[in-house]
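A look at the structure
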Amino acid sequence: MNIALIAHDERKKEIIQFATAYTNILKNHQLFATGTTGKKISDATGLPIHRFQSGPLGGDQQIGAKIAEDEMDMVIFFRDPLTAQPHEPDISALLRLCDVHQIPLATNLAGAEILIRALDRGDFEWRNVIKDKKKDQE
Ligand SMILES: O=C(CO)COP(=O)(O)O
């Protein structure tokens, strides 16, 4: 599965702890991230991560584009709900696209743990069914 990992600055420590704790699951998937988040996670865990631009420079929009193309299967986005972000419209757009395209989304650690365990159990295999169906229609 293609998984996007994103965290605002106040939540970066938390996403590194999350990625470290679940490295054994994450290593079986293709990982994507906004610039700084991706660098910090790969430095801490050694996981290979495709890095987009930093969030304020367009990284959220790049991940949004992947969702619009149905190329992202899960989004884990540790948002900072207490600090205004200069790129708030990009963040809202990304969350909106998850809803438009029915992409599993967690915006905090508690939700992320549920999603990652469900992923490991195979609960998201329906994503492959949808993708296969789309391929057949092309
Ligand atoms: O701002 C972000 C998400 O909105 C995250 O960007 P960075 O990972 O580059 O800090």
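All residue numbers refer to position in the chain's written sequence, counted from 1. Residue-level local features of this predicted model are given only where pLDDT is at least 70; pairs of side-chain atoms are given and counted only at 80 or more, and the full residue set underlies all totals for whole chains, interfaces and linings.

**Section: the pairing of strand β4 (residues 74-78)**
Counts of 20 or more other C-beta atoms within 10 Å of a residue's own C-beta define buried residues, counts of 12 or fewer define exposed ones, and intermediate counts define partly exposed ones; C-beta atoms are placed from the backbone. Helical segments are the DSSP runs of H or I of at least four residues, strand segments are the runs of E of at least two, and each set is numbered from the N terminus. Most of β4 sits inside the fold, with five of its five residues counted as buried. Paired strands are those between which DSSP finds at least two bridges. Bridge analysis of β4 against strand β5 (residues 105-106) gives two bridges, and the strand direction is parallel. Bridge pairing in β5 places Ile 76 opposite Ala 106. A crossover counts as right-handed when, viewed with the strands pointing away from the observer, the path leading from the first strand over the helix to the second turns clockwise. Handedness of the crossover joining β4 and β5 through helix α5 (residues 88-100) is recorded here as right-handed.

**Quick word on the UniProt feature "active site" (unreviewed entry) in the chain**
UniProt positions are given in the numbering used here, feature names are shortened, and annotations may be inferred rather than shown by experiment. The residues that UniProt annotates with the feature "active site" (unreviewed entry) are Asp 60. A count of 28 C-beta atoms within 10 Å places Asp 60 in the buried class. Any residue pair is listed as a contact if its two C-beta atoms, each placed from the backbone, are within 7 Å. Not counting residues within four places of it along the chain, the set of residues in contact with Asp 60 comprises Thr 34, Gly 55, His 87, Asp 90, Ile 91 and Leu 94.

**Regarding the packing of helix α1 (residues 12-21) against helix α3 (residues 35-45)**
Where α1 meets α3, the closest approach of the two axes is 9 Å, and the angle between their N-to-C directions is 45°. If you check the angle between α1 and α3, you find them oblique. Once α1 is placed against α3, the crossing between them reads as right-handed. Only Thr 37, Lys 40, Ile 41, Ala 44 and Thr 45 of α3 make contact with α1, whose side of the interface consists of Lys 12, Ile 15, Ile 16, Ala 19 and Thr 20. Each residue is assigned to one of three groups, with Ala, Val, Leu, Ile, Met, Phe, Trp, Tyr, Cys and Pro labelled nonpolar, Asp, Glu, Lys and Arg labelled charged, and all others, Gly among them, labelled polar. Its residues placed into classes, the contact of α1 with α3 shows five nonpolar, three polar and two charged. In this analysis an axis means a line fitted to C-alpha atoms, helices contributing only their contacting stretch, and an angle means the value between N-to-C directions, from 0 to 180 degrees. Orientation categories follow fixed angle ranges, with anything under 35 degrees roughly parallel, anything over 145 roughly antiparallel, 65 to 115 roughly perpendicular, and all other angles oblique. Each helix crossing is assigned a hand: it is left-handed if the near helix lies turned anticlockwise from the far helix by less than a right angle, otherwise right-handed if that turn is clockwise.

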